Amino acid sequence: MKDFPKKILRFIVKNNILIIFIIFAVFMTVLGFMFTKGLSPSTNKVEEIIKKYTNGDYSIPYHVAERYLVWYNMRTFFFT
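Residues numbered from 1 in each chain as written. Predicted model: local features only at pLDDT ≥ 70, side-chain atom pairs only at ≥ 80, totals over all residues. Heavy atoms only, no water.

When helices and strands are tallied, the protein chain shows 4 helices and 0 strands. Counting from the amino terminus, the protein chain carries its helices and strands in the arrangement α-α-α-α. Its C-alpha atoms give the protein chain a radius of gyration of 23 Å, clearly above 12 Å, the size a compact globule of 80 residues would have. Taken over the C-alpha atoms alone, the protein chain extends approximately 75 × 25 × 15 Å along its principal axes. (Helix = DSSP H or I, 4+ residues; strand = E, 2+ residues; numbered from the N terminus. Rg over C-alpha atoms; globule rule 2.2 N^0.38 Å.)

On to helix H3 (residues 43–52). Within H3, the full set of buried residues consists of Val46, Ile49 and Ile50. Along the axis of H3, the buried residues cluster in a sector spanning 100°; they form a single face. Looking at H3, the residues exposed on the side facing more than 90 degrees away from the buried face are Asn44, Glu48, Lys51 and Lys52. Of the surrounding elements, those touching the buried residues of H3 are helix H4 (62–79). (Buried < 20%, exposed > 50% of the residue type's maximum accessible area, 1.4 Å probe, protein only. Arc of directions from axis to C-beta. Contact = heavy atoms within 4.5 Å.)

Across its 18 residues, H4 extends 26 Å between first and last C-alpha, which sits within 8% of the 26 Å expected from 1.5 Å per residue. Looking at H4, one finds that the buried residues are Ala65, Leu69 and Val70. Buried residues of H4, seen end-on, are gathered within an arc of 140° and therefore sit on one face of the element. Exposed side of H4, more than 90 degrees from the buried face: His63, Phe78 and Phe79 are the residues found there. Check the buried side of H4 and you find it contacts helix H2 (16–38) and H3. (Expected span 1.5 Å × (residues − 1).)

Quick look at the structure:
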């Protein structure tokens with residue numbers, strides 16, 4: 001039983017495919033977090049977009065600005 005942790009460590013070091021899988025899984029988790037974060041823009045960013053596209057008495061609705069930011073973040077993520 002004392003050698004069990006050493007056997008597991010030796011197995012991981014000898015099998016490079018397992019190390020590659022772990023790195024890939026961590027990388028995909030980070031990418032998933034970034035993508036999810038882009039799907040919910042902050043209120044401040046939405047307000048900035050509304051101010052940017054205000055013309056005289058007309059300003060775009062809040063949900064349009066929010067959808068624009070979601071689209072822009074998705075476009076940037078997939079383009080990258």
